[in-house]
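Single-letter residue listing:
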Amino acid sequence: EAMLPRPPFPVEGRRVAPASRSRPRPRGAGGGTVLLPSMLMFGVILASSGLLLMIEKGILAEVKPLPPAAVEAARRGRGGGGGWEAQGELEWQVVRDVRNRTIRTVCGQRAMPRSVWELPAGQRRTVLRHLLVSDKYRFLYCYVPKVACSNWKRILKVLDGALESVDVKTKMDHKSDLVFLGDMKPEEISYRLKHYYKFIFVRNPMERLLSAYRNKFGEIKEYQQKYGVEIARRYRKKGGSSAGDDVTFSEFLRYLLDEDVERMNEHWMPIYNLCQPCAVRYDFIGSYERLNADANYVLERVRSPSFVRFPERQSWYKPVTAETLQYYLCSAQRRLIKELLPKYILDFSLFAYPLPNITSEFCRQ
């Protein structure tokens with residue numbers, strides 16, 4: 001328990017009937033959905049006090065991920081805003097239900113923060129500088145790097161009139177023409193937290209880490225020089241000559257193990273540290289796995305103009321596939337992954353993502 005920073009989590013709130021629009025929207029998480037056995041067990045495990053012990057014993061490896069058909073349906077839906085099969089939609093209803101139940105349970109504990117003002121100063125600064133504001137459409141969006149946040153920032157700029165279209169081919173400026181909640185006065189912050197629609201988007205923690213690793217150390221010179229050079233120097237016998245562009249995934253995991261989560265770079269800081277969802281009661285939790293459908297629901301919910309749509313994925317973008325993720329996880333040292341899980345366990349459990357299966361038998365396949 002000493003390894004875990006003070007947690008935070010979101011609750012999908014009430015569903016308000018949106019105005020009639022052509023965008024598809026996902027069905028609600030409620031409606032008496034019957035929990036599938038594996039997901040029900042997931043909730044039971046989360047509620048137990050021996051969570052970390054179970055991780056060590058590998059019990060949570062029995063939690064089954066979404067079936068391949070549902071995952072493929074999600075990827076098709078991400079690209080075209082549709083294509084959902086009944087089975088895939090049922091799976092996501094179950095995921096939402098599990099998220100809502102576990103978040104309510106955890107955030108209902110006496111020790112959990114009830115507002116951002118109950119957070120330590122450092123945690124409060126982090127969440128407030130990740131909450132983007134749209135006063136015109138009265139919503140707050142907590143951006144999470146490597147979870148399509150650049151596209152959401154484009155949308156915010158279009159809604160504010162600073163950008164003509166989400167398809168404008170310009171390099172994303174992550175600071176200008178955006179309004180951050182942390183730049184406002186305390187009374188302005190409190191008002192917006194109480195009255196605005198609030199949402200976040202989440203992603204499988206290990207997939208997000210791999211995406212950050214491949215992007216930052218494989219493509220971005222600034223990160224190679226700032227972090228890669230230090231990682232090579234720290235974890236290699238003769239790493240002083242490295243330019244930082246040859247950091248291995250195992251070295252990256254070792255670096256994360258040694259980092260204080262409160263001081264991590266935002267691209268690999270756990271989502272619960274970035275967005276503090278117990279202190280900020282989010283109305284909706286979107287999933288990267290069904291990005292288009294959930295994004296369209298949010299756009300409809302905030303009554304954005306009909307011409308504003310979530311951007312199509314760029315043709316040059318190469319997403320992390322399930323096979324790629326499994327290859328990297330099975331190629332890394334198993335000890336590193338097991339020791340790293342406690343730092344991200346709240347992202348796994350609260351957002352209903354299965355822990356990675358890195359058993360020898362599975363990796364041999």
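Everything below is about the structure printed above this text.
This section reports on the structure supplied with the text. Model, not experiment: these values are computed from the prediction.

1. Considering the state of the cysteines
Next up, step 1: Evaluation of the coordinates by the stated rule reveals three disulfides.
Next up, step 2: Between the sulfur of Cys107 and that of Cys278 lies a disulfide, 2.0 Å long from S to S. For the disulfide bridge between Cys107 and Cys278, the dihedral angle about the S-S bond is near -105°, and by the sign convention the bridge is left-handed. Of this pair, Cys107 sits in helix 4 (residues 86-107) while Cys278 sits in the loop between helix 11 (271-275) and strand 4 (284-287), and the two are 171 residues apart along the sequence.
Next up, step 3: In this structure Cys107 comes out as buried when scored by relative accessible area, which is 2%.

2. Regarding the packing of aromatic side chains
Next up, step 1: As enumerated under the stated definition, the model contains 25 aromatic pairs in all.
Next up, step 2: On the numbers, 6.2 Å between centres and 85° between planes, the contact of Phe199 with Phe201 is edge-to-face.
Next up, step 3: For the ring pair Tyr227 and Trp268, a centre distance of 5.2 Å and an interplane angle of 85° mean the geometry is edge-to-face. In this pair, Tyr227 sits in helix 9 (residues 221-235) while Trp268 sits in the loop between helix 10 (249-258) and helix 11, placing the two residues 41 residues apart along the sequence. There is no split in this pair, since Tyr227 and Trp268 are both buried.
Next up, step 4: Cation over ring: Arg203 sits above Tyr288, and NZ or CZ is 4.0 Å from the ring centre.
Next up, step 5: Over the ring of Tyr223 we find Lys216, and its NZ or CZ is 4.8 Å from the ring centre.

Cut-offs applied
- Residues numbered from 1 in each chain as written.
- Predicted model: local features only at pLDDT ≥ 70, side-chain atom pairs only at ≥ 80, totals over all residues.
- Heavy atoms only, no water.
- Disulfide = S-S within 2.5 Å.
- Helix = DSSP H or I, 4+ residues; strand = E, 2+ residues; numbered from the N terminus.
- Buried < 20%, exposed > 50% of the residue type's maximum accessible area, 1.4 Å probe, protein only.
- Phe/Tyr/Trp six-rings, centres within 6.5 Å; stacked < 30°, edge-to-face > 60°.
- Lys NZ or Arg CZ within 6 Å of the ring centre and 35° of its normal.

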